[in-house]
Amino acid sequence: MIKQSCVLLVAFTVFCMDTVGIKLCCSSSSPSLQSLKIHGHFSFHGNEFAAKDFGNQVHFLPYAVLYPKRVSDIVETVKHVWQIDPASRLTVAARGHAHSLRGQAQAPEGIVINMESLRQKEMQVHSGKLPYVDVSAGELWINVLHKCLKYGLAPKSWTDYLHLSVGGTLSNAGISGQAFRHGPQISNVLQLEVVTGKGDVVVCSEEKNADLFHGVLGGLGQFGIITRAHIPLQAAPQKVKWIRVLYSDFSNFAKDQEKLIEAENTFDYIEGLVIINKTDLVNNWRSSFEPDNLEQASRFVSDGKRLFCLELAKNFHLHEAVEMEKEVRYLLSKLRFIPSTLFLTEVPYLDFLDRVHVAEKRLRFKGMWDLPHPWLNLIVPRSSIHRFAKGVFDNILTDTNNGPVLIYPVKRSKWDNRTSFVMPEPEEEIVYLVALLTHPTENYGLEDLIHVNKRVLSFCEVEKLRVKQYLPHYTTQDDWKAHFGSRWQAFVQRKSTYDPLSILAPGQRIFQKDRPVV
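To keep things clear, this report deals only with the structure shown in the data block. No experiment lies behind these values; they were computed from the predicted model shown. (Residues numbered from 1 in each chain as written. Predicted model: local features only at pLDDT ≥ 70, side-chain atom pairs only at ≥ 80, totals over all residues. Heavy atoms only, no water.)

## Regarding the overall build of the protein chain
We apply this condition: Helix and strand definitions here come from DSSP, where helices need a minimum of 4 consecutive H or I residues and strands a minimum of 2 consecutive E residues; each element is numbered from the N-terminal end. Here the globule rule is a power law, 2.2 Å times the number of residues to the power 0.38, and the radius of gyration is based on C-alpha atoms. Any residue under 20% of the maximum accessible area for its type is buried, any over 50% is exposed, and the rest in between are partly exposed; the area is computed with a 1.4 Å probe on protein chains only. The contact criterion used is simple: two residues touch if any of their non-hydrogen atoms lie within 4.5 Å. All accessible-area figures derive from a Shrake-Rupley calculation using a 1.4 Å probe, and residue coverage is judged against the displayed protein chains alone. Neither His nor the chain termini are counted; the positive set is Lys and Arg, and the negative set is Asp and Glu. To locate a charge, the coordinates of NZ of Lys, CZ of Arg, CG of Asp or CD of Glu are taken.
A tally of helices and strands in the protein chain yields 17 helices and 19 strands. By the compact-globule yardstick of 24 Å for 518 residues, the protein chain fits well, its C-alpha radius of gyration being 23 Å. Structurally, the protein chain occupies a C-alpha span of about 75 × 50 × 45 Å along its principal axes. For the protein chain, with 518 residues in total, the buried portion stands at 58%. For the protein chain, the share of sequence-separated contacts (at least 6 apart) that also reach a separation of at least 24 residues comes to 77%. Carbon and sulfur atoms make up 51% of the accessible area of the protein chain, which totals about 22100 Å². Charge centroids of the protein chain, computed over 59 positive and 55 negative side chains, lie 2 Å from each other.

Written as structure tokens, this is what we have:
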């Protein structure tokens, strides 16, 4: 009866907590958890890893970590939390490869589920007229790629970094340079298996349990734990023509990007970067790329300049190489980049998609991979992008030596607006992803970078640029309401339907388990 009352009267407040230090649990749930009939096991000690993530800014120690072997282990755990005293603060968070930035996959004094240990069913590639891969949500995208390539197939949409879990990116969006054509990863899913906050296992798709299907895609883990996914596939190319060019004028850079994503015959991957005060830039490119004109390239100086890099890729099979070269040269002839900065190379398809892993290994060797990452990711409407560029790139960012700054357009029509992902309002067909992917350096400490982020957000607010955060982090309910805008009530309704006690994903700090408002 108490639980039913909570369901009927549920309302939610923001989950506010200290973001410094490690919180220890004083729960007495150990005996009851240990009595659960599961095929995996719980760990109650040595769980410090579960209080860390890629952002390395927020650290909350869980009470226990579940290593599931079967989906039923997750079901039993969630049902246990659902059925205990509603006053208990025990919560559950699914942890993939821990690439979160602000503790979103942590569960303070709760249970963290190590999704990478879920191996109930092998990954299966189904070829045929409509090929797809059936994969566990804890699997990494790099492993999905390796498996699918054995069949000459691959998913359509990617992230720049492939060592992320399937469930993790589908709970957010999954965006890269293919998104202008195929949409994000959340627009490329056929079916999901989900464990709700009540412990129910639900298979869902656009045709079956569609509300839950669309809700969990981009839903920040609030409505259920994704345990399996069916991802559509297409024929995989053998190689990629990889191109970089530079612009000194933002207007030409943006116009060319928009021209390319609108064209029917275009590149397969389109991204951009902001480059400020990079020393010897094009010479550094020569370790991986060949200049189209060595003499001209050797005279180009990047020091002290504000430049914009357009990065492009054209997929092809070996027998298509001659035709591909013609297409690439034709497409490049229509662009207004600095001619001396044209650099090209050819790499296997796998190497192109896994390109960031090369940088990861280099950063790990230097001891820089585990630095804090105060990243800021924004979705900026096309109508605001020039004001954003002038205000941020000209006046706030002084250099980009503390991490890359990405900027590239995507087409809104390629995104399924039924998912939980939030776009700027009112609707515009073209929006830009802007990502400040920074880390501390000798010249910029963590607090300096956080201050820059605050200046960027303040500028956007004052200028009314109508941006939305991607991978958002907020600490007040008013901020979350503002983020979701007109979709907030629908989001709350889904929460009350699928996770009415606010058991799931407490690290997002959207809802709090023990504070229903009557």
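There's more to say after this.
## Brief notes about the sheet that holds strand 4 (residues 111-114)
Here is the rule: Note on pairing: DSSP must find at least two bridges between two strands before they are called paired. Here, axes are lines fitted to C-alpha atoms. For helices the fit covers the stretch in contact, and angles between N-to-C directions go from 0 to 180 degrees.
Read from one edge of the open sheet, four strands run 1-2-4-3, paired in mixed fashion. Only two strands of the sheet have a single neighbouring strand rather than two, namely strand 1 (41-43) and strand 3 (92-95). The sheet shows a mean angle of 25° between the axes of neighbouring strands, taken without regard to direction. Pairing analysis gives four bridges linking strand 3 to strand 4, with the strands arranged parallel. The residue of strand 4 that forms the bridge with Val-92 is Ile-111.

## Notes on the sheet that holds strand 11 (residues 239-247)
An order of 13-15-11-14-12-17-18-16-19 is seen for the nine strands of this open sheet, with the pairing classed as antiparallel. Edge positions in the open sheet fall to strand 13 (290-291) and strand 19 (468-470), since each of these has one partner strand only. As judged from the six bridges shared by strand 11 and strand 15 (residues 343-348), these two strands associate in the antiparallel manner. Residue pairing in the sheet places Lys-241 in a bridge with Glu-346 of strand 15. Strand contacts of helix 8 (residues 250-262): strand 11, strand 12 (269-276), strand 14 (306-316), strand 17 (405-411) and strand 18 (430-436), with the helix running at about 40° to strand 17, the strand carrying the most contacts.

## What about the packing of helix 8 against helix 14 (residues 385-393)?
Our working definition: Oblique is the label for any angle not covered by the other classes, which are roughly parallel (under 35 degrees), roughly antiparallel (over 145) and roughly perpendicular (65 to 115). Crossing handedness: left-handed means the near helix sits turned counterclockwise from the far one by under a right angle, and right-handed means the same turn made clockwise.
Packing of helix 8 against helix 14 leaves a shortest axis separation of 11 Å and a crossing angle of 140°. As far as their axial angle goes, helix 14 and helix 8 are oblique. Considering how the two elements wind past one another, helix 8 and helix 14 form a crossing that is right-handed. Residues Phe-250, Ser-251 and Ala-254 of helix 8 touch helix 14, and the partners they reach there are Ile-385, His-386, Ala-389 and Phe-393.

## Some points on the pairing of strand 10 (residues 224-235)
Most of strand 10 is tucked away, with 10 of its 12 residues classed as buried. Where strand 6 (residues 132-136) and strand 10 come together, five bridges link them in antiparallel fashion. Residue Tyr-132 lies in a different strand from strand 10, and its bridge partner there is Pro-232. Summarising the sheet, strand 7 (residues 153-155) and strand 10 pair through three bridges and their orientation is antiparallel. Directly across from Leu-153, in strand 10, lies its bridge partner Ala-235. Pairing of strand 8 (residues 191-196) with strand 10, which is carried by six bridges, proceeds in the antiparallel orientation. Across the sheet, the residue bridging to Val-194 is Ile-226, located in strand 10.

## Let's talk about the packing of aromatic side chains
We describe a pair of aromatic rings using the distance from one ring centre to the other and the angle between the two ring planes. This is how the line gets drawn: Side-chain rings of Phe, Tyr and Trp, where Trp is taken by its six-membered ring, are said to pair if the distance between their centres is within 6.5 Å; with planes under 30 degrees apart they count as stacked, over 60 as edge-to-face, and otherwise as tilted. Lysine and arginine charges are scored as sitting over a ring when NZ or CZ, respectively, is within 6 Å of the ring centre and within 35 degrees of the ring normal.
In the structure shown here, the tally under the stated rule is 27 aromatic pairs. Connected via pairs of aromatic rings, a cluster forms that spans Phe-223, Tyr-474, Trp-480, Phe-484, Trp-488, Phe-491 and Phe-511. Above the plane of the ring of Phe-300 lies Lys-305, whose end atom (NZ or CZ) is 4.8 Å from the centre. When the ring centre of Phe-352 is taken as origin, the NZ or CZ atom of Arg-355, which lies over that ring, is 4.4 Å away.

## Quick word on the nonpolar core
The criterion, for reference: For this analysis, a nonpolar core means a set of buried residues of the types Ala, Val, Leu, Ile, Met, Phe, Trp, Tyr and Cys, connected via side-chain atoms within 4.5 Å.
Ranked by internal contacts, the top residues of the largest apolar core, which has 109 residues, are Phe-42, Val-92, Val-133, Trp-141, Leu-170, Leu-192 and Leu-246. For this core, the element with the most residues is helix 3 (residues 71-83), which contributes six residues. Setting aside anything within four residues of it in sequence, one finds Leu-170 in contact with Trp-141, Gln-185, Ile-186, Val-189, Leu-192, Val-216, Leu-217, Gly-218, Ile-226, Ala-229 and Ile-231. Ala-254, Leu-335, Ile-385 and Leu-465 belong to the second-largest nonpolar core, a separate cluster that totals 47 residues.

## A closer look at the side chain of Gln-222
Short version of the rule: Here a polar contact is recorded for every N or O atom pair within 3.5 Å, except that within protein the pair must consist of a potential hydrogen donor and a potential acceptor, and residues adjacent in sequence are included only if both atoms are side-chain atoms.
On the secondary structure map, Gln-222 appears in the loop between helix 7 (210-216) and strand 10. A distance of 3.2 Å separates the side chain of Gln-222 from the backbone oxygen of Ala-505, its partner in a polar contact. Sequence-distant contacts of Gln-222, that is, excluding residues within four places in its chain, are made with Phe-491, Lys-495, Asp-499, Leu-504, Ala-505, Gln-508, Ile-510 and Phe-511.

## Here we look at the environment of Val-431
Position of Val-431 relative to the elements: it lies in strand 18. Judged by its relative accessible area of 1%, Val-431 falls in the buried class. Note: C-alpha distance between Val-431 and Val-380 (51 residues apart in sequence) is 5.6 Å.

## Structural notes on the pattern of salt bridges
The condition that has to hold: Any Lys or Arg side-chain nitrogen found within 4 Å of a carboxyl oxygen on Asp or Glu counts as a salt bridge.
Summed over all chains, the structure comprises 22 salt bridges. Across the pair Arg-494 and Asp-211 runs a salt bridge, and its minimum N-O distance is 3.2 Å. Of this pair, Arg-494 sits in helix 17 (residues 488-498) while Asp-211 is found in helix 7, placing the two residues 283 residues apart along the sequence. Given a relative accessible area of 14%, Arg-494 falls into the buried group. A salt bridge links Arg-364 to Glu-360, with the shortest nitrogen-to-oxygen separation between them at 2.8 Å. Remark: Glu-360 and Arg-364 occur in helix 13 (residues 355-365); sequence separation between them is four residues, near one turn of the helix. For Arg-364, a relative accessible area of 45% puts it in the partly exposed group.

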